[in-house]
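These are the residues of each chain, in order.
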Amino acid sequence: MIEYNCRMGDPETEVVMPRLENDLLALFLAVEAGTLLEQAIQEDPRAAATVMLVSKGYPEEYEKGKAISSIPAQTPVQLIFQAGTRESGGQVLTNGGRVLAITSLNDNLQAALAHSRQTAEQIGFEGKYYRKDIGYEFV
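Residues numbered from 1 in each chain as written. Predicted model: local features only at pLDDT ≥ 70, side-chain atom pairs only at ≥ 80, totals over all residues. Heavy atoms only, no water.

1. Comments concerning helix H3 (residues 109-122)
Line of reasoning, step 1. Helix length check: H3 (14 residues) gives 20 Å between terminal C-alpha atoms against 20 Å at 1.5 Å per residue, within 8%.
Line of reasoning, step 2. Of the positions making up H3, those classed as buried are Ala112, Leu113, Ser116, Arg117, Thr119 and Ala120. What you see down the axis of H3 is that its buried residues fit within an arc of 160 degrees, all on one side.
Line of reasoning, step 3. Taken together, the buried residues of H3 touch strand E1 (47-54), strand E2 (78-82) and strand E5 (98-106).
Line of reasoning, step 4. N-cap assignment for H3: the residue whose side-chain oxygen lies 3.2 Å from the backbone N of Gln110 is Asn108. (Helix = DSSP H or I, 4+ residues; strand = E, 2+ residues; numbered from the N terminus. Expected span 1.5 Å × (residues − 1). Buried < 20%, exposed > 50% of the residue type's maximum accessible area, 1.4 Å probe, protein only. Arc of directions from axis to C-beta. Contact = heavy atoms within 4.5 Å. Polar contact = N/O pair within 3.5 Å; in protein donor to acceptor, adjacent residues only side chain to side chain.)

Here you go:
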């Protein structure tokens with residue numbers, strides 16, 4: 001038996017959902033009505049890659065309240081999901097272990113991953129950490 005646990009805030013979801021072109025609510029309603037098999041799932045053909053920025057100490061006791069700089073605006077090829085953040089006085093601060101998920105879409109996985117990593121380097125906060133070894137096995 002294989003279990004795949006995928007919550008809406010997980011990096012696994014943040015790399016899959018941007019490729020879904022269907023109306024998600026319509027799919028949920030089809031599940032509830034028992035008609036999901038009648039739905040044609042439409043997906044963006046581009047590859048997607050997510051890099052998760054985490055706070056120092058994650059997954060154990062992690063730091064909070066660090067100012068985050070240089071979060072780019074969403075574009076057609078990149079989404080920044082705020083997970084462990086909060087706003088205070090007009091400033092975005094860290095407020096959780098998993099802070100930001102950077103998801104990029106591109107024609108191939110290598111380019112998508114490179115774009116997410118480039119953005120990860122541009123975003124700043126004290127104690128920022130991300131795994132630089134994840135994704136290499138696929139490119």
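Still more to cover.
2. Description of the environment of Lys64
Line of reasoning, step 1. Within the secondary structure, Lys64 sits in the loop between E1 and E2.
Line of reasoning, step 2. Note: C-alpha distance between Lys64 and Gln110 (46 residues apart in sequence) is 32 Å.
Line of reasoning, step 3. Once you skip the residues sitting within four places of it in the chain, Lys64 turns out to touch Thr94, Asn95 and Gly96.

3. Side note on the nonpolar core
Line of reasoning, step 1. Counting 14 residues, the largest nonpolar core has Leu53, Ile68, Leu100, Ile102, Ala120 and Ile123 as the members making the most contacts within it.
Line of reasoning, step 2. If you list the elements that add at least two residues to this core, you get E1, E5 and H3.
Line of reasoning, step 3. When near neighbours in sequence (up to four residues on either side) are disregarded, Ile68 contacts Thr85, Gln91, Val92, Leu93, Thr94, Val99, Leu100, Ile123, Gly124 and Phe125. (Core = buried A, V, L, I, M, F, W, Y, C linked by side-chain atoms within 4.5 Å.)

4. A word on the side chain of Thr94
Line of reasoning, step 1. As for its position among the elements, Thr94 is in strand E4 (residues 91-94).
Line of reasoning, step 2. Discounting residues that sit within four places of it in the chain, Thr94 has contacts with Ser55, Glu63, Lys64, Gly65, Lys66, Ile68, Gly84, Val99 and Phe125.

5. Quick look at a nonpolar patch on the surface
Line of reasoning, step 1. On the surface, a nonpolar cluster with roughly 320 Å² of combined accessible area is contributed by Leu25, Phe28 and Leu29.
Line of reasoning, step 2. Relative to the helices and strands, Leu29 is located in helix H2 (residues 24-33). (Patch = residues over 30% accessible without salt bridge, like charges linked within 9 Å, V, L, I, M, F, W, Y side chains within 5 Å. Areas by Shrake-Rupley, 256 points an atom, 1.4 Å probe, with all protein chains shown as cover. Salt bridge = Lys/Arg side-chain N within 4 Å of Asp/Glu carboxyl O.)

6. Description of the confidence of the model for the chain
Line of reasoning, step 1. Taken as a whole, the chain shows an average pLDDT of 91; of its residues, 91% reach a score of 70 or greater.
Line of reasoning, step 2. Averaged over each element, pLDDT in the chain is lowest for helix H1 (residues 11-16) (84) and highest for E4 (98). (pLDDT = per-residue confidence, 0-100.)

7. As for the sheet that holds E2
Line of reasoning, step 1. Taken in spatial order, the three strands make up an open sheet running E1-E5-E2, and their pairing is antiparallel. The open sheet has two edge strands, E1 and E2, and neither has a second partner. For this sheet the average axis-to-axis angle between neighbouring strands, irrespective of direction, equals 15 degrees.
Line of reasoning, step 2. In this sheet, E5 lies alongside E2 in antiparallel orientation, the contact comprising five bridges. The partner of Gln78 across the bridge, within E5, is Ser104.
Line of reasoning, step 3. Across the sheet, H3 touches E1, E2 and E5, and the angle it forms with E1 is around 25 degrees. (Pairing = 2+ DSSP bridges. Axes fitted to C-alpha atoms, helices over the stretch in contact; angles between N-to-C directions.)

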